[in-house]
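Topology and contacts: notes
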Amino acid sequence: METAEIRRRWLQFFEQRGHTVVPSSSLISPDPNLLFTVAGMVPFIPYLTGQQTPPWNRATSVQKCVRTLDIEEVGKTTRHGTFFQMNGNFSFGDYFKEQAIEYAWELVTGSQADGCYGFDPDTIWVTVYEDDDDAAGMWRRIAGLPDERIQRRGKLDNYWHTGVPGPGGPCSEIYVDRGPEFGREGGPVVDEDRYLEIWNLVFMQEELSEVRAKDDFTVAGPLPSRNIDTGMGLERVAYLLQGVDNLYEIDEVYPVIERAAELSGRRYGADHDDDVRMRVVSDHVRSSLMLTADGVTPGNEGRGYVLRRLLRRTVRAMRLLGVEQPSLPELLPVSMERMKASYPEVERDFARIEQIAYAEEEAFRRTLAAGTTILDTAVAQTKAGGGASLSGERAFQLHDTYGFPIDLTLEMAGEQGLQVDQDGFRRLMQEQRQRAKDDARAKKGGHADTTVWRGLREHGPTDFLAYLELESEGSVRGIVRDGELVQAAGEGETVQVVLDRTPFYAESGGQIADEGEIVADGVRLRVLDVQRPVKGLIAHQVEVVSGELRAGQQVHAKVDREWRISACQAHSGTHVVHAALRQVLGPTALQSGSYNKPGYLRLDFAWGSALDPATRSEIEEVANQAVRHDLAVSASVMRLEQARELGALALFGETYDEDVRVVEIGGPWSRELCGGTHVAHSSQIGALTLTGESSVGSGVRRVEALVGIEALRYLGRERALVAGLADLLKVPGAEVPERVAQLVARVRDAERQLQQLQQAQVLQAAGGLASSARDVYGVQVVTHDGGDLTADALRSLVLDVRGRMPADRPAVVAGTATAKGRPVVVVATNEEARRWGVKAGALVREAASVLGGGGGGKDDVAQGGGTDPARTGEALARIEHVVGERVTQR
């Protein structure tokens, strides 16, 4: 049974039993404490914890998930993977334990002809919480399981909670006995390889007041309503029903292994190390496909770093399999073909996905080339110093600065007879991770613990008036200082205030929060920021300018009108620029992120190369034509599926409810899901001018623009600049570019003439240098520090001196110089010296190591550099010393 069919049967089974089918949410988690959706229940947490009222009593889903904590173990075992799918059914105060067990037993053991999975009932074992007699009795009564196949476990295994005070409850896990060839008898408490868990039923029934550890918590009492939260591992069920041994051999994964084997000419199953590499490739290709489909782009932090790492580990694994050519164009389409049955969007968006992935592979291939040169230098320096191990600091520098994988460093150092200080490397990696954790924790600030916000949310959502009003009356529902609820705040304090209703826009969707003030009798608050700490609740960060604010007080909230107008111009301008990009570049130029504030916008989009000036001008022209045509701007709320059918574009990285807001500019010309504030007609955006275009990662470009009065001010400054240049150059403004070009050409000619004069002076000294050669064990050696020469001038001097040396005697010429503050070294040898075993490339590496850098070249001439110009004399002395060593060891 194919994986897509297992998925379809799950959703159909529960839909037929009154459950609402909820589409998988994005892999980008809505929880600010998570990078990715790591479990099937994550999208349902607000309903399970009581933060929000669920729109249905019963729901079912197949949720996409990614976990990367064990990424280093992927492929080494057949149980670890990064991307997986979790089947779930949920009840919110509706059915409970007995019905959940009935559904599970029917679906697992029911006939395949009836739409179920058809597992042999005699292979099913279950575990229950140690004192959950009800669940044990139900399994006996409903499923007819004997007592020996109902095993009891403690809190560590069979009790669920979120890790913080809130709901919890016992759980019951369903296992399939794979047979004696997979391990020992005795059920899951004895061997969880033979007895494979496929489904966990959580009976959420208790309120926890304290949680000290997984198995150490305090139960305050029963929940007001009991919930069901279950999770079945789709991949595990797939490999059991497909008769294969592990998740890497199922229909959605194994075809990538087959293609990797074809490309490498190696057979899966023939060699353990090769098998590990092929499993890494198959897992990471699928995970990268799904992450990119959900809007993640490669980067140096957060989600982007995870994706970059997955793609680079794929390329690295293929390299170890002997595949030197680009491999993602061969592998990614295979994964897309297998995943499109369940997720049609991967086929629909594949042009964008492949563009991003292939650009990242090409960038990493360049990194490998550069890193190899740096590693060779580090190895040479280590050997020159008599070391047998590459330092952890060097290995970490290669990894952190150049993106060079540690496993590649280990392999290549080993090929040259060196070990690597892995303990030192791991210590530095741990220090870096800790710094990242501390930084993330600091950035989260008071929103990390949502307890106080959930308490305020229980009184109902904030009435959000930002689309309709700039002012409103309201009452203070709560005042929060340092994460604690307080009754009052005095002059000079900065606190967070929750009102029952507000006209202030809370930061979201790339639009920053409104500014303004909140006033009451004798009280004035300056609004600094507006956020949504939990869904449905709006918190205003305010400075108490005067008076004392009290909980329950009536206030008047007033948004800064000019701020809002400019913010609307910027947000509508973002939509216009996005539509213009797609019109000029094509439909794959999809927005992947945005930021807008009054007068300014930036937009990131999928594109693999820089935009030339003509293209930028065309995009700006299309955008301003849309402004000029005074297109109507409208917003309407509809079901998510209806919006998708209309072709509304979603911003990657955002999560959406079932009811969404669609903003249109000129009807279908620009139609996007958006929660921001906008102008009423495009002409109200005012002037729009692009001010910059740059790269922000592989396959992602960024455009920046100004709108409204800020655009006019920018153009005014540009006009003043041109006028100033015209006055200075004594030409009309239109002739400034031509005049500047003439001046630049004259400066370049002068620089070229100066360089030629300098080079002539240098070469005049060549004869004297040739006659100053010293005899080093029969080799004529010339060393010279040229001072502030360019690298080209130094190279010419060294080659000229070598040409003046007697051809029948071995000769070495070495020169150093300081070019733009950095030392350069050039070495040349004649044919007789090379016959004696004295080679330029080896000598340059020795000198460059003294200078704190690296270099290389051919045996007859080589060049290098470094970072310490004060040591050029040492570097020349080192060359002379090494020449003597080489000759005396002949």
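On a predicted model such as this, the values are computed, not experimentally measured, just so you know.

Bringing empty space enclosed by the protein into the picture now. As enumerated under the stated definition, the model contains one cavity of 30 Å³ or more in all. Taken as a whole, the largest cavity holds about 30 Å³ of empty space. The wall of the largest cavity is formed by Leu-769, Val-782, His-784, Leu-797, Val-798, Val-801, Val-813, Ala-814 and Gly-815. Mapped by element, the contributors of at least two residues to the lining of the largest cavity are strand 31 (779–785), helix 23 (791–804) and strand 32 (811–819).

Sheet architecture is open: four strands sit in the order 23-24-29-28, paired in antiparallel fashion. The two strands at the open ends of the sheet, each matched to only one other strand, are strand 23 (591–597) and strand 28 (688–697). Each adjacent strand pair in this sheet contributes to an overall mean axis angle of 15°, direction not counted. With eight bridges connecting them, strand 28 and strand 29 (residues 700–707) associate as antiparallel partners. Its bridge partner lying in strand 29, Gly-697 is registered against Val-700. Sheet strands in contact with helix 20 (residues 708–729) are strand 28 and strand 29, and its direction is about 90° off that of strand 29.

Before going further, it helps to spend a moment on the sheet that holds strand 34 (residues 854–857). Adjacent strands of a sheet form backbone hydrogen bonds with each other and so pair up, either parallel or antiparallel. Overall, mixed pairing links the six strands, which are arranged 30-31-32-33-35-34 in an open sheet. The open sheet has two edge strands, strand 30 (774–776) and strand 34, and neither has a second partner. In this sheet, neighbouring strand axes are inclined to one another by 20° on average, regardless of whether the strands run parallel or antiparallel. Where strand 30 meets strand 31, three bridges bridge the pair, whose relative direction is antiparallel. Looking at strand 31, one finds that Val-776 is bridged to Val-779. Against the sheet, helix 23 contacts strand 31, strand 32, strand 33 (822–829) and strand 35 (861–865), and its axis sits at roughly 25° relative to strand 33. Lying on the sheet, helix 26 (residues 872–888) is in contact with strand 30, strand 31, strand 32 and strand 33; it crosses strand 31 at an angle near 170°.

Turning our attention to helix 7 (residues 254–264). The α-helix winds at 3.6 residues per turn, so residues separated by three or four positions along the chain end up facing the same way. Those residues of helix 7 not exposed but buried are Val-256, Ile-257, Ala-260, Ala-261 and Ser-264. With its buried residues spanning 140° around the axis, helix 7 presents them on a single face. If you follow the buried residues of helix 7, they end up packed against helix 8 (272–293), helix 9 (302–320) and helix 10 (328–339). Immediately beyond the C-terminal end of helix 7, within one or two residues, lies Gly-265, with a positive phi of roughly 75°.

On inspection of all chains with the given rule, the structure shows 23 aromatic pairs. Seen in terms of ring centroids, Phe-44 and Phe-90 are 4.0 Å apart; in terms of plane orientation they differ by 25°. Their pairing is stacked. Of this pair, Phe-44 sits in the loop between strand 1 (20–21) and helix 2 (45–48) while Phe-90 sits in strand 3 (residues 83–92), and the two are 46 residues apart along the sequence. As far as burial versus exposure is concerned, Phe-44 and Phe-90 are alike and both buried.

Attention shifts here to the nonpolar core. Residues Trp-10, Phe-119, Trp-139, Ile-198, Trp-199 and Leu-289 are the most contacted members of the largest nonpolar core, which totals 86 residues. For this core, the leading source of residues is helix 8, giving nine residues. If we skip the residues at most four places from it in the chain, Trp-199 touches Trp-10, Phe-14, Asn-89, Ala-104, Leu-107, Val-108, Ser-172, Glu-173, Ile-174, Thr-230, Gly-231 and Met-232. Listed in part, the 29 residues of the second largest apolar core include Ala-580, Ala-589, Ala-626 and Ile-665.

In this structure, the second largest pocket occupies an estimated 420 Å³ of space. Mapped onto the lining of the second largest pocket, the elements with two or more residues apiece are helix 2, strand 7 (166–177), strand 9 (216–233) and helix 16 (451–457). Ranked by residues supplied to the lining of the second largest pocket, first place goes to strand 9 with four residues.

Here helix 12 (residues 350–384) contains 35 residues, and its C-alpha end-to-end distance of 50 Å stays within 8% of the 51 Å for a straight helix at 1.5 Å per residue. Two residues or fewer past helix 12, Gly-386 is found with a positive phi of approximately 80°.

We now examine the confidence of the model for the chain. In the predicted model, the chain carries a mean pLDDT of 89, and the fraction of residues at 70 or more is 96%. Low pLDDT, under 50, characterises residues 440–448; the stretch is placed with eight contacts to residues that sit more than four places away or in other chains.

Further remarks concern the pairing of strand 35. In terms of burial, strand 35 is a largely internal element, four of the five residues being buried. Two elements, strand 33 and strand 35, share five bridges in a ladder whose sense is antiparallel. Considered in strand 35, the bridge of Val-825 is made with Gly-864. Across four bridges, the pairing between strand 34 and strand 35 is antiparallel. Paired with Gly-855 across the strands is Gly-864, a residue of strand 35. Count of turn residues in the strand 34/strand 35 antiparallel hairpin: three residues.

This brings us to the side chain of Arg-286. Inspection of the secondary structure assignment puts Arg-286 in helix 8. According to the relative accessible area criterion, Arg-286 is buried, its value standing at 3%. Beyond its immediate stretch of four places on either side in the chain, Arg-286 contacts Phe-83, Gln-85, Glu-235, Glu-252, Val-253, Ser-335 and Met-339.

This part takes up the environment of Pro-461. Tracing the backbone through its elements, the reader meets Pro-461 in the loop between helix 16 and strand 12 (463–464). What makes Pro-461 partly exposed here is its relative accessible area of 47%. A C-alpha to C-alpha distance of 9.8 Å links Pro-461 and Val-534, two positions 73 residues apart in sequence. Beyond its immediate chain neighbours, meaning those up to four positions away, Pro-461 contacts Arg-477, Asp-500 and Gly-536.

So, how was this worked out
- Residues numbered from 1 in each chain as written.
- Predicted model: local features only at pLDDT ≥ 70, side-chain atom pairs only at ≥ 80, totals over all residues.
- Heavy atoms only, no water.
- 1 Å grid on protein atoms, 1.4 Å probe; cavity = no way out; pocket = protein on both sides within 12 Å on 5 of 7 lines; lining within 4 Å.
- Points joined across faces, edges and corners; volume = space filled by probe spheres on them.
- Helix = DSSP H or I, 4+ residues; strand = E, 2+ residues; numbered from the N terminus.
- Pairing = 2+ DSSP bridges.
- Axes fitted to C-alpha atoms, helices over the stretch in contact; angles between N-to-C directions.
- Contact = heavy atoms within 4.5 Å.
- Buried < 20%, exposed > 50% of the residue type's maximum accessible area, 1.4 Å probe, protein only.
- Arc of directions from axis to C-beta.
- Phe/Tyr/Trp six-rings, centres within 6.5 Å; stacked < 30°, edge-to-face > 60°.
- Core = buried A, V, L, I, M, F, W, Y, C linked by side-chain atoms within 4.5 Å.
- Expected span 1.5 Å × (residues − 1).
- pLDDT = per-residue confidence, 0-100.

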